[in-house]
Amino acid sequence: MKTDAAPGPTAGQRHFEVIIQGLRPFSGRWSHALRYVLASTVVIVLAMSLHLPLLGLSLFVVFMATQSNIVVVNLLTKLGFIIVSLAIGAVLLILLLAYEIPAARVGASTALIFLCAFLMRASKLGKIFFIVGIALAASQQYLDSIPSAELLVRACLWVWMACLYPLVLCAIINAFLWPVEPLSQLKQLVHEQLTVVDQILADTPCPHSNSQERAAANILNNYTRLQTLMRFSWMRNAEFRAS
């Protein structure tokens with residue numbers, strides 16, 4: 001006798017499951033949130049006490065630079081320092097060559113911003129180019145509002161400073177306060193994946209249940225993350241490289 005299959009979850013139930021999955025606690029969320037709060041607090045205190053401009057841009061850099069582990073933070077800090085410096089240098093070069101030619105100046109600045117937008121999606125360093133694009137857009141607000149070339153150069157340098165000191169601050173906080181090593185993340189993720197596999201094997205009487213399908217999809221989704229953590233562990237840990 002043929003029985004009807006159990007109805008699958010509705011679209012509303014799937015959306016609700018996604019929300020619950022996103023709110024579910026996971027290892028590392030507490031330390032990640034503390035690093036966000038501490039870095040943002042220090043940036044706000046520095047900006048308010050020293051009268052540093054562009055506080056919003058600095059907080060944006062904090063949220064981009066605080067990443068999942070210390071290897072990503074160090075890489076983002078070093079490359080961000082170089083690329084942001086090159087971008088502000090390109091803006092100053094445009095001002096030097098085309099300060100009195102608005103069409104050429106606007107065209108060159110727009111081309112740089114569109115290049116950052118393209119590399120943000122096409123490159124693995126998308127977050128760095130996102131920061132650079134925001135910094136370039138922030139520097140453009142001064143071009144027509146400041147009549148003096150000297151003050152304009154100072155404003156562009158303040159944009160450069162507003163991007164750099166949060167990067168250095170995030171690198172210090174992530175290195176000395178609650179540092180997250182990729183090797184520990186790798187071990188924990190492998191343990192979680194093996195636990196899921198054990199649960200799937202334990203539920204063999206129902207091989208096509210929705211819970212098993214979601215667990216199998218979760219394993220496939222974490223495969224790329226395992227490879228990334230293994231590469232970061234190899235970069236960070238000498239004993240892991242030797243083994």
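Keep in mind that this is a model prediction, so the values were computed, not measured.

A. Spatial organisation of the overall build of the protein. Of regular secondary structure, the protein possesses eleven helices and zero strands. The linear arrangement of helices and strands in the protein, starting from the amino end, is α-α-α-α-α-α-α-α-α-α-α. Scored against the burial criterion, the 243 residues of the protein give a buried share of 32%. Sequence-distant contacts in the protein: of pairs separated by 6 or more residues, those separated by 24 or more amount to 72%. When the accessible surface of the protein is totalled, it reaches about 15400 Å², and 69% of it is carbon and sulfur.

B. Structural context of the packing of helix α3 (residues 55–65) against helix α6 (residues 126–140). Where α3 meets α6, the axes come as close as 10 Å, and the angle between the chain directions of the two elements is 175 degrees. Classified by the interaxial angle, the pair formed by α3 and α6 is roughly antiparallel. Residues L57, F60, V61 and M64 of α3 form the contact with α6, whose own contacting residues are K127, F130, I131, I134 and A138. Looking at the contact of α3 with α6, its residues break down into eight nonpolar, no polar and one charged.

C. Representation of the packing of aromatic side chains. Within the structure shown, the criterion is met by two aromatic pairs. Geometrically, the ring pair formed by Y36 and F63 is stacked, given 5.0 Å between the ring centres and 25 degrees between the ring planes. One end of the pair, Y36, is in helix α2 (residues 29–50); the other, F63, is in helix α3, with 27 residues separating them in the sequence. Ring plane angle 85 degrees and centroid distance 5.2 Å describe the contact between F60 and F130, whose orientation is recorded as edge-to-face. Of the two residues, F60 is situated in helix α3 and F130 in helix α6; the sequence distance between them amounts to 70 residues. By relative accessible area, which is 22% here, F60 ends up partly exposed. Judged by relative accessible area, F130 falls into the partly exposed class, the value being 31%.

D. The environment of L177, seen in detail. Counting through the fold element by element, L177 comes out in the loop between α7 (149–176) and α8 (182–202). Placed 146 residues apart in sequence, L177 and S31 show a C-alpha to C-alpha distance of 9.1 Å. Once you skip the residues sitting within four places of it in the chain, L177 turns out to touch R35, L38 and I172.

E. Focus on the environment of I134. Relative to the elements of secondary structure, I134 occurs in helix α6. Residue class for I134 comes out partly exposed when judged on its relative accessible area of 30%. Sequence spacing of I134 and I113 is 21 residues, and the spatial spacing of their C-alpha atoms is 8.3 Å. Setting aside residues no more than four positions away along its own chain, I134 makes contact with L57 and F60.

F. Expanded view of α6. Helix length check: α6, at 15 residues, gives a terminal C-alpha distance of 21 Å against a target of 21 Å (1.5 Å per residue), a fit within 8%. Inspection of α6 places G126, I128, F129, I131, V132, G133, A135, L136, A138 and S139 among the buried residues, and these make up the whole buried set.

G. The side chain of S40, seen in detail. Structurally, S40 can be placed in helix α2. The exposure class assigned to S40 is buried, which follows from its relative accessible area of 11%. In this view, S40 contacts L59, V62 and F63; residues no more than four positions away in its chain are not counted.

H. Examining unusual backbone geometry more closely. Unlike most non-glycine residues, H51 shows phi in positive territory, near 55 degrees. Structurally, H51 can be placed in the loop between α2 and α3. One non-glycine residue, L54, adopts positive backbone phi at about 60 degrees. Here L54 shows up in the loop between α2 and α3.

I. Structural detail: the nonpolar core. Among the nonpolar cores identified, the biggest contains 40 residues, and L57, V84, V132, Y142 and V159 are the most heavily contacted of them. Broken down by secondary-structure element, the contributors of at least two residues to this core are α2, α3, α4 (70–98), α6 and α7. For this core, the leading source of residues is α7, giving twelve residues. Other than its neighbours up to four places away in sequence, V159 contacts L54, L57, I88, A135, A138, S139 and Y142.

Conventions adopted
- Residues numbered from 1 in each chain as written.
- Predicted model: local features only at pLDDT ≥ 70, side-chain atom pairs only at ≥ 80, totals over all residues.
- Heavy atoms only, no water.
- Helix = DSSP H or I, 4+ residues; strand = E, 2+ residues; numbered from the N terminus.
- Buried < 20%, exposed > 50% of the residue type's maximum accessible area, 1.4 Å probe, protein only.
- Contact = heavy atoms within 4.5 Å.
- Areas by Shrake-Rupley, 256 points an atom, 1.4 Å probe, with all protein chains shown as cover.
- Axes fitted to C-alpha atoms, helices over the stretch in contact; angles between N-to-C directions.
- Parallel < 35°, antiparallel > 145°, perpendicular 65-115°, else oblique.
- Nonpolar A, V, L, I, M, F, W, Y, C, P; charged D, E, K, R; others polar.
- Phe/Tyr/Trp six-rings, centres within 6.5 Å; stacked < 30°, edge-to-face > 60°.
- Expected span 1.5 Å × (residues − 1).
- Core = buried A, V, L, I, M, F, W, Y, C linked by side-chain atoms within 4.5 Å.

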